[in-house]
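Per-entry structural report
Below are the chains, spelled out letter by letter.
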Amino acid sequence: MKVLSLMLIFLTVSGYSYVLQPRLTVAQGAELDRDQSDMTSEQLGDVSISVEEEEKAAELTEEGKTGGKEMGGGLTPETNSERRMAADDETTQKSDQMDQLKQEKVEEESESRLVAGIGLHKEARREMITDNYCPPECACYGRVVQCSDKGVDKVPYGIPYNSRYILLMNNHIDVIQLDLLNEYVSMEFLVLSNNRLKDETIEGAFEGILALKRLYLNKNLLISVPADLPMSLEELRLDNNHLSVMSEAAWARCPGLLILSLSNNSLGNGSEFLPNAVLSPLSSLRTLNLDHNQLTSVPLGLPLSIKQLYLKGNLIEQFRGGAFNGRSELMVLDLSSNRLTNKGLLKDSLLNATHLESLNLEGNRLKKVPQHLPSSLKTLNLEGNLISSIKKMVFGTLKNLEHLGLARNTIFKVAPGAFKTLPVLHQLDLCHNTLRQVPRQLPKALHSLALTHNKIQTVPRDAFCWGNQSYSLSGLVRVQLEHNLIDMGKLDAQAFRCLRGFQVVHF
């Protein structure tokens, strides 16, 4: 027979045993036998099992080793195949076990790092939040973190600890976790405007913040000034809350405060005064805003360092002496939209305000120009009062006055030369009164004169060009005479002889 069925061929090469598949032809077997000597060890390895694997398989199946027929000292096909399969299974199982062990080790290391992170000291935890990380609710620009208008109800986690400016306005934040903010040792500016913070939900929140200079808490639900303000604070805004009381102790914690804004609150309660000298610990204060509260008088014992004081829209009827106990540095005072009368503006009210340059008394109940005003004044606003006439020497002491507002009064008469005593007056506003003629003997330095909405019929010759120096040009560049009763055919041309041109006058 040329072909032998079910023939087994065993080859033994260098200690390896090989099993060829059955049902080979004699020719195929002879060809394989010839080519065997040319096979490399790598090629042999493709169809073999290693000695170690064979020995392990032999140890595991000792009975199989001796039970079958021995052929040339090798293994029977059945036994060899079974042991190869067993060895493969064991190898696969060990590989799976190794993969499982590696995975468990990774998980264990990850869990260890997590557990360790929870117990780290504050300094170590600070390093965990990298400088280039930014919470998903925020936008970060260098050391500025913008988390405004995001609808969050708490301070987002993960804000970098090296942030200098943190903006959280227009959200729904109603509580600040204790010891949260004092981790931010570089924070200089914190904005929490327009949130839902209450006294009890921020208690202790600002304790220990080392570098904070500007704190905005306006438009919240606070009824008192926080008692734990940081020493470093220079600007505090508490506008649009429900503040009704304040204590001296609160301000003692931040003696370096420069700007304090408390507008649109309930300070004074409509009938009660603020405690005397309640703001005295703020010896460096420069700007104080108490607009739109319920104060009935100017607070007493204010810091002498204040340069700008805003009291607009209160219920002030009286400005008593003693507001400043000593020479004040006050330069700007706004008392507009109150209930001040000439009787309530006492003689010594501004006695110590020797540096005052701007005084706003608009919208009060004054019936005449106040007396005893500081000679340092440069701007005086008396608009919207009840003043009916201007006497000749009423401005005699205001040699530095540059801007004077008298609009929206009931002025029907101005004494000749009443404004002549103001040698550097540049701007005069007399709109919305009841004047029948342009005031006479206006200052030479005047640049702008507003006289609209009066009842003016005539322009006297000595209004703009008074005296014998008719050849001298006036400094006027704008004269507003709209909405009056002037008959252009009856105007005296000589009244405008010193003006720079007819375009100066607007009828």
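Residues numbered from 1 in each chain as written. Predicted model: local features only at pLDDT ≥ 70, side-chain atom pairs only at ≥ 80, totals over all residues. Heavy atoms only, no water.

1. A short note on the overall build of the protein
Of the regular secondary structure elements, the protein holds seven helices and 21 strands. Burial statistics for the protein: of 507 residues in total, 41% are counted as buried. Long-range pairs, those at least 24 residues apart, make up 48% of the contacts in the protein with a sequence separation of at least 6. Summing over all exposed atoms, the protein offers an accessible surface of approximately 27300 Å²; the carbon and sulfur share of this is 51%. (Helix = DSSP H or I, 4+ residues; strand = E, 2+ residues; numbered from the N terminus. Buried < 20%, exposed > 50% of the residue type's maximum accessible area, 1.4 Å probe, protein only. Contact = heavy atoms within 4.5 Å. Areas by Shrake-Rupley, 256 points an atom, 1.4 Å probe, with all protein chains shown as cover.)

2. Quick look at the environment of Lys213
Looking at where Lys213 falls in the secondary structure, it is placed in the loop between strand S6 (189–191) and strand S7 (214–216). Judged by its relative accessible area of 36%, Lys213 is partly exposed. Note: C-alpha distance between Lys213 and Glu235 (22 residues apart in sequence) is 6.2 Å. With residues near it in sequence (within four places) discarded, Lys213 still touches Glu188, Ser232, Leu233, Glu234 and Glu235.

3. A closer look at the nonpolar core
Within soluble globular proteins, side chains that are nonpolar tend to cluster in buried spots. Ranked by size, the top nonpolar core spans 110 residues in total, and within it Trp251, Ile390, Phe395, Leu406, Phe419 and Phe464 carry the most contacts. Other than its neighbours up to four places away in sequence, Ile390 contacts Val369, Phe395, Leu406, Ile411, Lys413, Val414, Ala415, Ala418 and Phe419. (Core = buried A, V, L, I, M, F, W, Y, C linked by side-chain atoms within 4.5 Å.)

4. A few points about the state of the cysteines
Under the defined criterion, the tally for this structure stands at three disulfides. Across the disulfide from Cys465 sits Cys498; the S-S distance is 1.9 Å. Disulfide Cys465-Cys498: the torsion about the S-S bond is -85 degrees, which places it as left-handed. Of this pair, Cys465 sits in the loop between strand S19 (448–450) and strand S20 (478–480) while Cys498 sits in the loop between S20 and strand S21 (505–506); the two residues are 33 residues apart in sequence, bridging distant segments of the chain. Pair check on accessibility: Cys465 and Cys498 agree, each one buried. For the protein, numbering the cysteines in disulfides from first to last along the sequence yields the connectivity 1-3, 2-4, 5-6. (Disulfide = S-S within 2.5 Å.)

5. Quick word on the UniProt feature "domain: LRRNT" (unreviewed entry) in the protein
Taking the numbering used here, the UniProt-annotated feature "domain: LRRNT" (unreviewed entry) corresponds to residues 133–165. Annotated as residues 133–165, this span is 0% helix and 21% strand, and its ends, taken at the C-alpha atoms, are 15 Å apart. (UniProt positions renumbered as here; feature names shortened; annotations may be inferred.)

6. Here's the deal with the side chain of Ser305
On the secondary structure map, Ser305 appears in the loop between strand S10 (287–289) and strand S11 (308–310). Since its relative accessible area comes to 7%, Ser305 is described here as buried.

7. Concerning the packing of aromatic side chains
Aromatic rings considered in pairs are described by the distance between their centres and by the relative angle of their planes. Within this structure, the stated rule accounts for six aromatic pairs. Between Tyr165 and Phe189 the ring centres are 6.1 Å apart and the planes differ by 90 degrees, which places this aromatic pair in the edge-to-face class. In this pair, Tyr165 is assigned in strand S5 (residues 165–167) and Phe189 in strand S6, connecting sequence segments 24 residues apart. Note on Phe189: relative accessible area 12%, which makes it buried. Each residue in the set Tyr165, Phe189 and Tyr216 is aromatic and connected to the rest through ring pairs, giving one cluster. In this structure, Arg214 is placed above the aromatic ring of Phe189, and the distance from its NZ or CZ to the ring centre is 4.0 Å. (Phe/Tyr/Trp six-rings, centres within 6.5 Å; stacked < 30°, edge-to-face > 60°. Lys NZ or Arg CZ within 6 Å of the ring centre and 35° of its normal.)

8. Things to note about the environment of Thr458
Checked against the element boundaries, Thr458 lands in the loop between S19 and S20. Taking the C-alpha atoms as reference points, Thr458 and Gln437, 21 residues apart in sequence, are found 5.1 Å from one another. When sequence neighbours within four positions are dropped, the list of residues in contact with Thr458 reads Arg436, Gln437 and Val438.

9. Section: the pattern of salt bridges
Counted by the stated rule, this structure contains nine salt bridges. A salt bridge links Arg408 to Glu362; the nearest nitrogen and oxygen atoms lie 2.7 Å apart. On the criterion of sequence distance, the pair formed by Arg408 in the loop between strand S16 (403–405) and strand S17 (413–414) and Glu362 in the loop between strand S13 (358–360) and strand S14 (379–381) is long-range, its members being 46 residues apart. Overall, Arg408 belongs to the partly exposed group, its relative accessible area being 38%. For Asp462, the salt bridge is made with Arg440, and the minimal N-O distance between the two is 2.9 Å. Pair noted here: Asp462 is in the loop between S19 and S20 and Arg440 is in the loop between strand S18 (427–429) and S19, with a separation of 22 residues, a long-range link. Overall, the relative accessible area of 15% leaves Asp462 in the buried class. By relative accessible area, Arg440 is classed as partly exposed at 34%. (Salt bridge = Lys/Arg side-chain N within 4 Å of Asp/Glu carboxyl O.)

10. Description of unusual backbone geometry
Only a minority of non-glycine residues have a phi that is not negative, and only a minority of peptide bonds are not trans. If you check the backbone angles, Ala277 has positive phi at about 60 degrees while not being a glycine. Phi at His292 takes a positive value of approximately 55 degrees, unusual for a residue other than glycine. Mapped onto the elements of the fold, His292 is located in the loop between S10 and S11. His292 gets classed as partly exposed once you look at its relative accessible area, which sits at 36%.

11. Things to note about the confidence of the model for the protein
Predicted confidence across the protein gives a mean pLDDT of 79, with 72% of residues reaching 70 or more. Predicted confidence is poor over residues 1–84, with pLDDT under 50, and the contacts of this stretch with residues over four places away or in other chains come to 56 contacts. (pLDDT = per-residue confidence, 0-100.)

12. Details of the environment of His292
The sequence separation of His292 and Ser337 amounts to 45 residues, and the corresponding C-alpha distance is 9.2 Å. Residues contacting His292, with those up to four places away along its chain left out, are Ser263, Asn264, Asn265, Lys312, Gly313 and Asn314.

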